Each structure stands twice: as C-alpha cells, then as structure tokens.
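Structure assessment
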Amino acid sequence: MKNKIKKITLLVSIAFFMASCHDDLDQLPIDPDSFTQEDVFANAEIAKGALAKLYSALTLTGQQGPAGQPDIADIDEGFSQFSRMLFNLNELTTDHAVVAWADPGLPNLHAMTWSSSNDFVEAMYSRLAQTVSFSNSYITNASALADAEVQTFIAEARFIRAYAYYNLIDLYANVPLVTEVSTELPLQSNRAEIFTFIETELLEIQDQLAASGSNEYGRVDQVAAWALLSRLYLNAEIWTGTPKYSECVTFSNMVMNSSYTINMNDANGNGTSYDELFLADNDSNGAQNEFIFALNFDGLQSQTFGGTSFLVHAAIGGNMDPTDFGVNGGWFGLRTTKTLVNKFELGSDARGMFHTDGQNLEIATITDFEDGYAVRKFKNLDSNGNAGSDTTGDLVDTDLPLIRLAEIYLNYAEASLRGSGGDLNLAVTKINELRLRAYGDTSGNISSGDLTLDFVLDERSRELYWEGQRRTDLVRYNYFTTGSLLWPFKGNVVNGSSVGEFRNIFPIPVNLLSTNPNLTQNQGY
C-alpha cells in the first residue's frame, strides 16, 4: 500500500476534489455530485483510489508536487505541508528547536510573539480544514456504495477526520464542527463538543477498521483508533476540565496488547535499533512494526519540500556532510537548544543524535546556524547506507511516524501516575523497554522510585523529539507559557521568560474571522 498511497490515483483525486474552496472550515465542494457521485464512486476499486487522496492530504501539498497546483494559496507550497507545519507549531515553539531563517512569521514562532495573521498559523488551519472537507465529501459519497470493503474505507476516512479535529482543538480550541456537505457558514463549537465528537467517532469505528496489523502498510487499522483515544484521553483534563486518565490507561493497554511491537532490529548494525525508525527504509527494516500511523514519503512518487525532506535538509549546515544523510545539500536552518541536549546522557543514550563539531551549545544568535547543536535524527539513507530513490538528492524516502507504540508506553505511564489506577510496575517495565533500546543494555534502566511525572515528560522529550508533540506535552504540564520551564529565547528573551497564558492555544486566523461572522477570536488575541 505504500506505493499505492504514494502514487495516488491522480485522475480520481483531481476529479474528486477540484471543486473545493478554502474560505472556512466548511471547505466542501459546492456541487459535490458534479464529479464524485458518478465518476469517482462508481465502484469500490475507484473509491479506494479516492481514499488515497485523504491520506495524501496530510502528506502532499498539491496535485503536481513538489510545487505547482497547490492545495492552499498565499503561502510557499513547501511550507504548507501538514507535518512541516506541525513541526513549526509544536516543536519550533518549544525547547526542542530553533530555526535560522527569517521568513515572515517564522521567527515569531520560537519567540512566542505570533499574531492572528501569522502565515503558518493560517496555513495550518487551512490544511486541517481542507482535510476535514475532503473527508466529509468522501464519507458522504462513499456511503452510496454497499460493498463491505467500502465500509472499512469510510471508517478510515472518519479516522482521518477525527485526527484532523484532534489537531484543530489542540492548536485552536474553539473551531466549527462540520460533518457534512454544506454551503452554509458554520457555527463555532467549543473544545468539549469537539472532544465528544472525536471520542464518539473513534469508539464507533474501532470495530469497523481492519484488525490489528491486517491492513496494508500506509493505512490505519483499529489500533490507530485506540492509540488516538489514548492521546485524546491524556489531554482531556486540559481540554474539557474533566480528567479521563483511567480511559487513557484502558486504551493504552489495548494498544500495548496488540500486534504492534517496539523495533529492536538493529538493521544497520551500529549498536542501536532506535535510528532505524528514521531511515529511508523504515517501511521495511522493522520500524514499520512500531508505526501505528505514519505519513509515507517517496522521493519519486510523493514529492514535497515538507515532510521528511524538510526534516533532513533543514537540519544540515555548518561543517556537516550532506552525503552522510543521503541528500545533496543542507538548508542551514534547524537546530536544538541546550534544554533538550542536557536531557541526554550523551555517549550512553543513543537517542541523543546531535552534531556538535563546529556547533555551539549556547545560542547567542538564532540566525547563526552554528549556534545550537544540530540534530542528526532523520536521514535519507537505508539500513545498508544507500541513499533514497531520488538520485538528485533533493527529496527523501523516509516515512514519518505520527503515532508509534513508544508514545503509548509513555501515555500509559503518565496516566498511571496521574491517579488512573494503572499499574506503575508495568509502566516501569515499558519505559525500561525503551531505555534498553536507547542504551543497548540495562545500564539506563529505572526503578519505580524514579518514575515521576517530570521524569516521564523528560523521557517523552528524549524519545519523541522533533516528532510533533512537544508543545502539547508542555501545555498539559503547565510549562509551555509559565516560568516553570525556561529555554533560550522563550518569550523572545535570551535566557527565556514566561508569556501570556493565552498562548497555550493559537488564534483563529484573521482571514477566517473576516469571512465568517459566526466566529469569535480566542481570548488574548
């Protein structure tokens, strides 16, 4: 399925979605039957091609790739790719990353000075809204087909829509809830309402999705629904005021007892199996058994300057050799702060993949690439050291996990500590499984006395950095805006400072407020 998802059925997807508009969260074809009902949904096989477009809405940026015929206007097409913007909003705003570039709106993210007209805040909303739009149209039209297989397709579309809404309420809180084709301007909902919608959707589709591990690579199964519920329930108290940690434990347990496994295959023989998760053959080197939901990239078949092409190229600069990463050059952009670096026992914990030669640990000037350690986590090399399929070295094959089993181990541990009734001994065992992989032996193992909430947060940082979750974690711990945790240039101050609590969420983009009078801006903006 990797190649099927990557290649996309372009004629199908163009016909299906060419009438879409992007003025609001209600981004649906004005006349959805003009192409879809007769042509795209003629049978189950063609409907499967249209399903690929839903997955690619999170991977690609237009109909041509890597640039040309973009889905979203008024922003550089490479910037607009979903996981690139997820990095910008959830990693660049934290202690995990800084960027040297001065593109309008970009420096404001790490400085925590963004406004409602910030290009990246607007584009992320549009990308997620578009995904909701595509999903709604697919669900409506595919429902006319009676094939049992199509019901699984519809369940996958509902998962993708739920995942989009998960990100919308995490980032923007109070957004419209749109679930069907309509030309009416939608009303604004609140976090609690949308939380309930996501929860209900995932509970309903869990048994309609393929059984654990039985779907084609690149498509979700029922474990993805359980994993997203685990993540949803972990954040429930922050988002709704009602804790649901026991539910988080329940669904984390279901995931942990599924067919997914932590990758322990050291395919390249370098002494650790952690780096295999981020290599160009991570769809086949063993890492795929840990990936519950991943974005599939291919330098030839799914071309974008977002995704892992961004994560590999942008992190290369200084005296780093791009050939060590399987690409043709660096973009001299991304580095990390000492706050992340100091969480690792460098030389012992293999997850701390930093380039230090010629780099300064301290950041005096964000625009100087040499200030801040560079990150070597993502590569366009396979387990045998061969570069990816794009012989120019421009575009990358490495897939990007959005949800992997290691996160669920950490969800379970945190929820157990927060009084859910979970088994703390099991939590220690699961964390030690991750640390055994990281250290190569039991020297990094912890005991039950080491297991605290702050330890789990630090372990999340060590295990999941640059995978798009840091801001969400810091908000849940009340560290994102407060002075309880500072990092270089937080709040645009060299040594870091607290910022207004309202920045725990992003503003509703100003262009949406101007077109939809039903929307009210988030407090503080």
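Time to look at the overall build of the protein. When you go through the protein residue by residue, the secondary structure sums to 19 helices and six strands. Against the compact-globule benchmark of 24 Å for 525 residues, the protein has a radius of gyration of 22 Å, which places it among compact chains. Expressed as a percentage of its 525 residues, the buried residues of the protein come to 64%. For the protein, restricting intrachain contacts to residue pairs at least 6 apart in sequence, the fraction spanning at least 24 positions comes to 70%. Just so you have it, the protein exposes about 17,500 Å², and 47% of that area is on carbon and sulfur atoms. Distance between charge centroids for the protein: 5 Å, based on 33 positive and 66 negative side chains.

Time to look at helix α16 (residues 424–439). The end-to-end C-alpha separation of α16 is 22 Å, in line with the 22 Å expected for 16 residues at 1.5 Å each. Within α16, the full set of buried residues consists of Ala427, Val428, Lys430, Ile431, Asn432, Leu434, Arg435, Arg437, Ala438 and Tyr439. Elements that come into contact with the buried residues of α16 comprise α12 (245–256), β6 (400–404), α15 (405–420) and α17 (453–464). Looking at the residues trailing α16, positive phi occurs at Gly440, about 85°.

Moving on to the packing of aromatic side chains. Under the criterion given, the structure shown has 26 aromatic pairs. Geometrically, the ring pair formed by Trp101 and Trp331 is tilted, given 6.4 Å between the ring centres and 50° between the ring planes. A residue pair is termed long-range when its members are at least 10 positions apart, and Trp101 in the loop between β1 (98–99) and α6 (107–111) and Trp331 in the loop between α13 (307–313) and β3 (334–335) qualify at 230 residues. In textbook terms, an aromatic cluster arises when at least three aromatic residues are bridged by ring pairs, as seen for Phe82, Phe159, Tyr163, Tyr166, Trp239 and Phe293. Above the plane of the ring of Phe325 lies Lys379, whose end atom (NZ or CZ) is 5.7 Å from the centre. Between Arg471 and the ring centre of Phe480, over which it is positioned, the NZ or CZ distance is 6.0 Å.

Where a strand is regular, its side chains alternate between the two sheet faces. Counting buried positions over the five residues of strand β2 (residues 291–295) gives five, a clear majority of the element. Taken together, the four bridges between β2 and β6 define a ladder with antiparallel strand orientation. Along β6, the bridge assignment pairs Ala294 with Pro401.

The next thing to look at is helix α10 (residues 222–234). Between the first and last C-alpha of α10 there are 19 Å, a value that for 13 residues agrees with the 18 Å anticipated at 1.5 Å per step. Counting buried positions along α10 gives 13 out of 13 residues, so the element sits mostly inside the fold. Between the side-chain oxygen at the start of α10 and the backbone nitrogen of Val223 there is a gap of 2.9 Å, and the oxygen is on Asp221.

Before going further, it helps to examine the pattern of salt bridges. Side-chain pairs of opposite charge can arise where the charged atoms are in close proximity. Under the defined criterion, the tally for this structure stands at 29 salt bridges. The salt bridge partner of Glu463 is Arg351, with a shortest N-O separation of 3.0 Å. Of this pair, Glu463 sits in helix α17 while Arg351 sits in the loop between α14 (338–341) and β4 (354–355); the two residues are 112 residues apart in sequence, bridging distant segments of the chain. For the pair Glu463 and Arg351, a shared accessibility class is recorded, and that class is buried. Look at the salt bridges and you will find they share partners, linking Glu290, Asp349, Arg351, Lys377, Arg404, Arg435, Arg437, Glu459, Arg462, Glu463 and Glu467 into a network.

Bringing unusual backbone geometry into the picture now. A positive phi is found at Phe332, a non-glycine position, where the angle reads about 50°. For Phe332, the position within the fold is in the loop between α13 and β3. Given the relative accessible area of 41%, Phe332 is considered partly exposed. One non-glycine residue with positive phi stands out, namely Asn478, at about 60°.

When two helices pack together, their arrangement is given by the angle between the helix axes and the distance between those axes. Taken N-terminus to C-terminus, the directions of α15 and α17 make an angle of 170°; their axes are 10 Å apart at the nearest point. The pairing of α15 with α17 is recorded here as roughly antiparallel in orientation. Contact with α15, carried on its side by Ala406, Glu407, Leu410, Asn411, Ala413, Glu414, Leu417 and Arg418, involves Leu453, Val456, Glu459, Arg460, Glu463 and Leu464 of α17 and no other residues of that element. Of the residues contributing to the contact of α15 with α17, the split by class is seven nonpolar, one polar and six charged.

All right, on to the side chain of Glu199 then. Of note, Glu199 is situated in helix α9 (residues 191–205). Non-local contacts of Glu199, meaning those with residues more than four positions away in its chain, are made with Leu229, Leu232, Tyr233 and Lys244.

On to the packing of α16 against α17, then. The contact between α16 and α17 brings their axes to 12 Å, and the two run at 40°. Put simply, α16 runs oblique to α17. Between α16 and α17 the crossing geometry is left-handed. Taken together, the residues of α17 that come into contact with α16 (itself represented by Ile431, Leu434, Arg435 and Arg437) are Phe455, Val456, Glu459, Arg462 and Glu463. The residue inventory of the contact of α16 with α17, partitioned by class, reads four nonpolar, no polar and five charged.

Turning to the side chain of Asp95, a few remarks are in order. Among the secondary structure elements, Asp95 is positioned in the loop between α5 (82–90) and β1. Exposure remark for Asp95: the relative accessible area of 0% places this residue in the buried category. Among the polar contacts listed, one links the side chain of Asp95 to the side chain of Arg470, at a separation of 2.9 Å. Not counting chain neighbours up to four residues away, the residues in contact with Asp95 comprise Thr336, Thr337, Thr339, Leu340, Lys343, Arg470, Leu474, Leu485 and Trp487.

Glancing now at the environment of Asn282. Structurally, Asn282 can be placed in the loop between α12 and β2. Overall, the relative accessible area of 0% leaves Asn282 in the buried class. Taking the C-alpha atoms as reference points, Asn282 and Asp399, 117 residues apart in sequence, are found 6.5 Å from one another. What Asn282 contacts, discounting residues up to four positions off in sequence, is Tyr217, Glu276, Leu277, Ala287, Gln288, Phe291, Thr398 and Asp399.

So, how was this worked out
- Residues numbered from 1 in each chain as written.
- Predicted model: local features only at pLDDT ≥ 70, side-chain atom pairs only at ≥ 80, totals over all residues.
- Heavy atoms only, no water.
- Helix = DSSP H or I, 4+ residues; strand = E, 2+ residues; numbered from the N terminus.
- Rg over C-alpha atoms; globule rule 2.2 N^0.38 Å.
- Buried < 20%, exposed > 50% of the residue type's maximum accessible area, 1.4 Å probe, protein only.
- Contact = heavy atoms within 4.5 Å.
- Areas by Shrake-Rupley, 256 points an atom, 1.4 Å probe, with all protein chains shown as cover.
- Lys, Arg positive; Asp, Glu negative; His and termini not counted.
- Charge placed at Lys NZ, Arg CZ, Asp CG, Glu CD.
- Expected span 1.5 Å × (residues − 1).
- Phe/Tyr/Trp six-rings, centres within 6.5 Å; stacked < 30°, edge-to-face > 60°.
- Lys NZ or Arg CZ within 6 Å of the ring centre and 35° of its normal.
- Pairing = 2+ DSSP bridges.
- Polar contact = N/O pair within 3.5 Å; in protein donor to acceptor, adjacent residues only side chain to side chain.
- Salt bridge = Lys/Arg side-chain N within 4 Å of Asp/Glu carboxyl O.
- Axes fitted to C-alpha atoms, helices over the stretch in contact; angles between N-to-C directions.
- Parallel < 35°, antiparallel > 145°, perpendicular 65-115°, else oblique.
- Nonpolar A, V, L, I, M, F, W, Y, C, P; charged D, E, K, R; others polar.
- Left-handed = near helix turned anticlockwise from the far one by under 90°.

Any functional reading would require information that these geometric values do not contain.
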